[in-house]
Amino acid sequence: MDSNGISDLYASIFSGTTGLIALVFYVLVVIGLWKVFTKAGYPGILAIIPIVNVVFLVKIAGMSGWLALLYLIPIVGFIFGIVVAIKLGERFGKGGLFSFFLLFVFQYIGYLIIGFGSSRYRQI
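On a predicted model such as this, the values are computed, not experimentally measured, just so you know.

Rules used in this analysis
Residues numbered from 1 in each chain as written. Predicted model: local features only at pLDDT ≥ 70, side-chain atom pairs only at ≥ 80, totals over all residues. Heavy atoms only, no water. UniProt positions renumbered as here; feature names shortened; annotations may be inferred. Helix = DSSP H or I, 4+ residues; strand = E, 2+ residues; numbered from the N terminus. Phe/Tyr/Trp six-rings, centres within 6.5 Å; stacked < 30°, edge-to-face > 60°. Buried < 20%, exposed > 50% of the residue type's maximum accessible area, 1.4 Å probe, protein only. Lys NZ or Arg CZ within 6 Å of the ring centre and 35° of its normal. Axes fitted to C-alpha atoms, helices over the stretch in contact; angles between N-to-C directions. Parallel < 35°, antiparallel > 145°, perpendicular 65-115°, else oblique. Contact = heavy atoms within 4.5 Å. Nonpolar A, V, L, I, M, F, W, Y, C, P; charged D, E, K, R; others polar. Left-handed = near helix turned anticlockwise from the far one by under 90°. Expected span 1.5 Å × (residues − 1).

1. Quick look at the UniProt feature "transmembrane region" (unreviewed entry) in the chain
Part 1 of the argument: As annotated in UniProt, the feature "transmembrane region" (unreviewed entry) corresponds to residues 12–34, 40–58, 65–86 and 98–117 in the numbering used here.
Part 2 of the argument: Note that residues 65–86 is 59% helix and 0% strand, and that its end C-alpha atoms are spaced 16 Å apart.

Quick look at the structure:
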């Protein structure tokens with residue numbers, strides 16, 4: 001028996017309603033990213049692979065894929081996520097407010113809007 005409650009935490013996260021909700025949000029992000037990758041000229045299947053999709057998202061935002069390693073540094077990763085969201089929004093003709101709220105805070109909505117909307121990818 002585990003005395004620190006870690007097994008209870010895992011059981012509550014990966015089972016029942018919480019697990020299903022997390023799976024639904026993951027599927028929504030993957031569907032949106034699939035369309036975003038396709039619009040940018042990359043294979044959509046890359047959206048399914050967890051770490052690879054971040055590398056290619058950084059490349060679509062116009063930066064080197066190696067910069068995706070910055071996500072591993074705690075405070076820098078948070079700030080870099082905002083920068084990637086804003087640059088990605090610029091590539092698709094969206095403003096900074098849209099990019100911050102719908103590509104950083106509510107990604108599952110923003111990627112669907114960019115992917116299925118009328119915005120076009122532009123290389124700057």
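Anyway, onward from the coordinates.
2. Side note on the packing of aromatic side chains
Part 1 of the argument: Applying the stated criterion across every chain, the model contains eight aromatic pairs.
Part 2 of the argument: On the basis of an interplanar angle of 25 degrees and a centroid distance of 5.7 Å, the ring pair of Phe 100 and Phe 104 is categorised as stacked. Note that Phe 100 and Phe 104 are positioned in helix H5 (residues 96–105) at a spacing of four residues, about one turn of the helix.
Part 3 of the argument: Taking the relative accessible area as the measure of exposure, Phe 100 reaches 29% and is therefore partly exposed.
Part 4 of the argument: Against the face of Phe 98 rests Lys 94, its NZ or CZ located 5.2 Å from the ring centre.

3. Topic: the environment of Gln 107
Part 1 of the argument: With respect to the secondary-structure elements, Gln 107 resides in helix H6 (residues 107–116).
Part 2 of the argument: Accessibility expressed as a relative area gives 31% for Gln 107, which makes it partly exposed.

4. Topic: the packing of H5 against H6
Part 1 of the argument: Direction vectors running N to C along H5 and H6 enclose 110 degrees, while the axes themselves pass 5 Å from each other. Classified by the angle between their axes, H5 and H6 sit roughly perpendicular to one another. Taken together, the residues of H6 that come into contact with H5 (itself represented by Phe 98, Leu 102, Leu 103, Phe 104 and Val 105) are Gln 107, Ile 109, Gly 110, Tyr 111, Ile 113 and Ile 114.
Part 2 of the argument: Across the contact of H5 with H6, the residue classes break down as nine nonpolar, two polar and no charged.

5. Examining the packing of helix H3 (residues 50–60) against helix H4 (residues 74–91)
Part 1 of the argument: Packing of H3 against H4 brings their axes to within 8 Å, and their N-to-C directions diverge by 55 degrees. Between H3 and H4, the interaxial angle falls into the category oblique. For the crossing formed where H3 meets H4, the hand is left-handed. Here Leu 57, Val 58 and Ile 60 of H3 come into contact with H4, specifically with Phe 80, Val 84, Leu 88 and Arg 91.

6. Here we look at the environment of Gly 32
Part 1 of the argument: Locating Gly 32 in the fold gives a position in helix H2 (residues 16–39).
Part 2 of the argument: A C-alpha to C-alpha distance of 7.6 Å links Gly 32 and Ile 114, two positions 82 residues apart in sequence.
Part 3 of the argument: Not counting chain neighbours up to four residues away, the residues in contact with Gly 32 comprise Tyr 111, Leu 112 and Gly 115.

7. Some words on H4
Part 1 of the argument: Taking 1.5 Å as the rise per residue, H4 with 18 residues should run 26 Å; its terminal C-alpha atoms sit 26 Å apart, in good agreement.
Part 2 of the argument: Here H4 has its buried residues at Gly 77, Phe 80, Gly 81, Val 84, Ala 85, Leu 88, Gly 89 and Arg 91.
Part 3 of the argument: Tucked inside the fold, the buried residues of H4 contact H3, H5 and H6.
Part 4 of the argument: Once H4 finishes, Gly 93 follows within two positions and takes phi at roughly 80 degrees, a positive value.

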